[in-house]
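This is what each chain is made of:
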Amino acid sequence: MRQLVIAERVCLIAHILSKAFGLVGMLLVLPHAEIILNLSQVGETAIQLSMAGGGVVDIILGTIAVSIYAYRTLGLGTWLAFMLPAVSISLGSELLGTSTGFPFGDYSYLSGLGYKIGGLVPFTIPLSWFYVGLSSYLIARTGLKVAEKPSWGRHIAAVAIGALLFTCWDFALEPAMSQSSLPFWYWQQPGAFFGTPYQNYAGWFGTSEVFMSVAGLLWGKTSIKLQRSQLNLPLVVYLTNFAFAAGLSLAGGFFIPVLLGSVLGVIPAVALWLRSSTTPTQVAIEPVTEEVSVPSVKVVLK
């Protein structure tokens, strides 16, 4: 178990660093790439490798970190019961979207996010839906104390709020990834919300709500009681990914999408984290009294 904890932390730290380097690279290096290219062959090679695989490595590291965390904290069955629906449903939604325009709008992926499944969707996209989606859902579920006070109302609210947190990430992500100096996808017909169709956000909310609902049903009556300290990784993953997207969007002058995502996503996520329990659940154990029958012994004195 100790080795798993170490691997989880190494991948998480590497994920955070790759986000930071990616942000610096897209904001500072790419606009002045000619300077680095003229310095040496090493600089040219570094830029080429970063542009070709930086986004892929970043997403894979995040997926591994969250997967180890889920396996270690939730258990193998519970982890797979979320990951498999999240990956398959989001991939199906993305393939449908890039083929027909439903449910997100008419868009296409460019290079930079790895091999494209069916020539349409990079394999890293459903992975990102999984690891940010699980982080969002666990924050909502734990903050609403679904395990401590289970009810259909709390389950439904956890799914709705988890999907909202996930969609708020896209408020900051969308302008940055489609209109930056190195875009990763583009819209055939830019929408009214800072270049993004409103339909896209409905598609994000609907897709994430579906796979979170499926996962919640598969989890059934599994009691998932996380302390605040156990919720640190999901919160860090959520805030890190939001910060990366927000940094790119702010640099491009997209203040309102970032503000909207912060108010509806970041602040509620932190508030839900603060509402989570700080102490382990106490299990009351009543003392057991056992009655032992002792046969009577008669002593005869002569």
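Scoring rules and cut-offs
- Residues numbered from 1 in each chain as written.
- Predicted model: local features only at pLDDT ≥ 70, side-chain atom pairs only at ≥ 80, totals over all residues.
- Heavy atoms only, no water.
- Helix = DSSP H or I, 4+ residues; strand = E, 2+ residues; numbered from the N terminus.
- Buried < 20%, exposed > 50% of the residue type's maximum accessible area, 1.4 Å probe, protein only.
- Contact = heavy atoms within 4.5 Å.
- Areas by Shrake-Rupley, 256 points an atom, 1.4 Å probe, with all protein chains shown as cover.
- Core = buried A, V, L, I, M, F, W, Y, C linked by side-chain atoms within 4.5 Å.
- Axes fitted to C-alpha atoms, helices over the stretch in contact; angles between N-to-C directions.
- Left-handed = near helix turned anticlockwise from the far one by under 90°.
- Nonpolar A, V, L, I, M, F, W, Y, C, P; charged D, E, K, R; others polar.
- Expected span 1.5 Å × (residues − 1).
- 1 Å grid on protein atoms, 1.4 Å probe; cavity = no way out; pocket = protein on both sides within 12 Å on 5 of 7 lines; lining within 4 Å.
- Points joined across faces, edges and corners; volume = space filled by probe spheres on them.
- UniProt positions renumbered as here; feature names shortened; annotations may be inferred.
- Parallel < 35°, antiparallel > 145°, perpendicular 65-115°, else oblique.
- Phe/Tyr/Trp six-rings, centres within 6.5 Å; stacked < 30°, edge-to-face > 60°.
- Lys NZ or Arg CZ within 6 Å of the ring centre and 35° of its normal.

Identification of the protein chain as Carotenoid biosynthesis protein from Desmonostoc muscorum LEGE 12446 is taken from an unreviewed UniProt entry.

(A) Up close: the overall build of the protein chain. If you tally the helices and strands in the protein chain, you get nine helices and four strands. When the helices and strands of the protein chain are listed from N to C terminus, the series reads α-α-α-α-β-β-β-α-α-β-α-α-α. By the burial criterion, 45% of the 302 residues in the protein chain qualify as buried. The long-range fraction of contacts in the protein chain, counting pairs at least 24 apart against all pairs at least 6 apart in sequence, stands at 78%. Entry remark: accessible area of the protein chain is about 15400 Å², with carbon and sulfur atoms responsible for 68%.

(B) Structural detail: the nonpolar core. Counting residues in hydrophobic clusters, the biggest one holds 71 residues, and the most contacted among them are Phe82, Phe130, Leu134, Leu138, Ile139, Met212 and Trp219. Among residues more than four places away in sequence, those in contact with Leu138 are Tyr69, Leu74, Trp219, Leu226, Leu231 and Pro234.

(C) Molecular detail of the packing of helix 6 (residues 152–179) against helix 7 (residues 198–219). For the pair helix 6 and helix 7, interaxial distance at closest approach is 8 Å and the crossing angle is 140°. The way helix 6 lies across helix 7 gives a crossing that is right-handed. Of the residues assigned to the contact of helix 6 with helix 7, the class counts are 14 nonpolar, five polar and three charged.

(D) Fine view of helix 8 (residues 232–251). Along its 20 residues, helix 8 runs 28 Å from first to last C-alpha, staying within 8% of the 28 Å computed at 1.5 Å per residue. Counting buried positions over the 20 residues of helix 8 gives 14, a clear majority of the element.

(E) Spotlight on the layout of surface pockets. The space that makes up the second largest pocket amounts to roughly 350 Å³. The set of elements that each furnish at least two residues to the lining of the second largest pocket consists of helix 5 (124–143), helix 6 and helix 7. Along the lines of polarity and charge, the residues of the lining of the second largest pocket split into eight nonpolar, seven polar and three charged.

(F) Local environment of unusual backbone geometry. For the bond running from Phe102 to Pro103, omega is 10°, close enough to zero to count as cis. Checked against the element boundaries, Pro103 lands in the loop between helix 4 (76–100) and strand 1 (107–109). You will see that Lys145, though not glycine, has its phi angle at about 55°, which is positive. With a phi angle near 55°, Phe194 is a residue other than glycine that sits in the positive phi range. Its place among the elements puts Phe194 in the loop between strand 4 (185–187) and helix 7.

(G) Local environment of the UniProt feature "transmembrane region" (unreviewed entry) in the protein chain. Those places that UniProt annotates as "transmembrane region" (unreviewed entry) correspond, in this numbering, to residues 12–30, 50–71, 78–97, 117–140, 152–172, 201–219, 231–248 and 254–274. Helix makes up 71% of residues 117–140 and strand 12%, with an end-to-end C-alpha separation of 31 Å. With 95% helix and 0% strand, residues 254–274 has end C-alpha atoms that lie 29 Å from one another.

(H) Layout of the packing of helix 4 against helix 7. Running from N to C, helix 4 and helix 7 point in directions that differ by 155°, and their axes come no closer than 9 Å. Judged by the angle between their axes, helix 4 and helix 7 are roughly antiparallel. Like other packed secondary-structure pairs, helix 4 and helix 7 cross with a definite hand, here right-handed. On the side of helix 4, the interface is formed by Thr78, Ala81, Phe82, Pro85, Ala86, Ile89, Ser90 and Ser93, while helix 7 contributes Thr207, Val210, Phe211, Met212, Val214, Ala215, Leu218 and Trp219. A breakdown of the residues in the contact of helix 4 with helix 7 according to their chemical character gives 12 nonpolar, four polar and no charged.

(I) Geometry of the packing of aromatic side chains. Summed over the entire model, instances satisfying the criterion amount to 24 aromatic pairs. Measuring from ring centre to ring centre gives 5.5 Å for Tyr137 and Trp219, while their planes differ by 35°; the resulting arrangement is tilted. In this pair, Tyr137 is assigned in helix 5 and Trp219 in helix 7, connecting sequence segments 82 residues apart. Residue Tyr137 is classed as buried on the basis of its relative accessible area of 1%. Among the residues examined, Trp219 registers a relative accessible area of 2% and is labelled buried. Ring centres of Phe166 and Phe211 lie 6.4 Å apart, and the angle between their planes is 85°; on these two criteria the pair is classed as edge-to-face. Taken together, the positions of Phe166 in helix 6 and Phe211 in helix 7 put the pair 45 residues apart, joining distant regions of the chain. Residue placement shows Arg228 over the ring face of Trp273; its charged tip is 5.3 Å from the ring centre.

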